[in-house]
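Commentary on secondary and tertiary structure
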Amino acid sequence: MKIDTHQINGKKIAEIVSDNMLIKTREDGLDLLGNLYYQDFDKIVIRESNITPDFFDLKNGLAGEILQKFSNYRVQMAIVGDFTKYSGKSIQDFIYESNKNGQISFVNSTAKALDILSTK
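The structure presented is a predicted model; accordingly, all values stated were derived computationally and were not measured. Within every chain, residues take consecutive numbers counted from 1 along the sequence as written. Restriction of local features to residues with pLDDT of at least 70 applies here, the model being predicted, together with a cutoff of 80 or more for giving and counting side-chain atom pairs; totals for whole chains, interfaces and linings are based on all residues. Excluding hydrogens and water, the side-chain values take into account all heavy atoms of the structure.

**Notes on the overall build of the protein**
The helix and strand labels rest on DSSP assignments: H or I over at least four residues marks a helix, E over at least two residues marks a strand, and numbering proceeds from the N terminus. Check the secondary structure of the protein and you find four helices and five strands. What you see in the protein, going N to C, is helices and strands ordered as β-β-α-β-α-β-α-β-α. Values of the radius of gyration come from C-alpha atoms, whereas the globule rule sets the reference at 2.2 Å times the count of residues to the power 0.38. Relative to the globule expectation of 14 Å for 120 residues, the C-alpha radius of gyration of the protein, 13 Å, shows essentially globular dimensions. The dimensions of the protein, computed from C-alpha atoms along their principal axes, are 35 × 30 × 25 Å. A 1.4 Å probe rolled over the protein chains alone gives each residue an accessible area, and that area as a share of the maximum for its type sets the label: buried under 20%, exposed over 50%, partly exposed in between. Taking all 120 residues of the protein together, the buried fraction comes to 41%. When contacts within the protein are restricted to residue pairs at least 6 apart in sequence, long-range pairs at least 24 apart make up 73% of them. Carbon and sulfur atoms make up 47% of the accessible area of the protein, which totals about 6600 Å². Computed over 15 positive and 16 negative side-chain charges, the separation of the two mean positions in the protein equals 5 Å. The contact definition used throughout considers only heavy atoms, calling two residues in contact when any of these lie within 4.5 Å. The Shrake-Rupley method, run with a 1.4 Å probe sphere, supplies the accessible areas, and residue values consider only the shown protein chains as cover. In this tally, Lys and Arg are treated as positive and Asp and Glu as negative; His is ignored, and so are the chain termini. Where a charge sits is defined by one atom per residue type, namely NZ (Lys), CZ (Arg), CG (Asp) or CD (Glu).

In structure tokens:
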């Protein structure tokens, strides 16, 4: 895993760059949060491909638990990917509400992620 640091509008943003799946379990999500928080990042960009597909199955609670921790620590996260493949109403509603709230954003490009995180 590599962390690219972006300084935009006075905001320090971590962009996670990896070819591996980094978040497979709740513990992986918490470890990533702790690692980045320790490095003084409170804005994170990660790719959908770095997160287990189980995250997007809301029935198992994985997304809720991980994202709640990010919210508790006031760490904003943008997940970059193609979310059109998740056609279920509950996941689409979850993505819509998350994007509206702004703490966690689901976007289709790194440029959009950086734009969102640098303005809030």
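Back to the write-up after that little detour.
**Digging into the pattern of salt bridges**
Salt bridge criterion: a side-chain nitrogen from Lys or Arg within 4 Å of a carboxyl oxygen from Asp or Glu. Per the counting criterion, the structure on display carries six salt bridges. The shortest N-O distance in the salt bridge between D4 and K2 comes to 3.2 Å. For K2, a relative accessible area of 47% corresponds to the partly exposed category. The partner of R47 in a salt bridge is E15, and the shortest N-O contact between them spans 2.5 Å. Note that R47 is positioned in strand β3 (residues 43–47) and E15 in strand β2 (residues 11–17), a separation of 32 residues in sequence. On the basis of relative accessibility, which here comes to 7%, the residue E15 falls in the buried class.

**Some points on helix α2 (residues 62–72)**
The set of residues buried in α2 consists of L62, A63, I66, L67 and F70. Buried positions in α2, seen along its axis, are confined to an arc of 100 degrees and lie on one side of it. Considering only its buried residues, α2 is in contact with α1 (26–38), β3, β4 (76–80), α3 (89–101) and β5 (104–107). In this context, the arc is that of the directions from the helix axis out to the C-beta atoms.

**Description of unusual backbone geometry**
Even without glycine at this site, N9 takes up a positive phi of about 50 degrees. Within the secondary structure, N9 is located in the loop between β1 (2–8) and β2. For N9, a relative accessible area of 58% puts it in the exposed group. Positive phi, close to 55 degrees, is recorded for R74, a residue that is not glycine. Residue placement: R74 occurs in the loop between α2 and β4.

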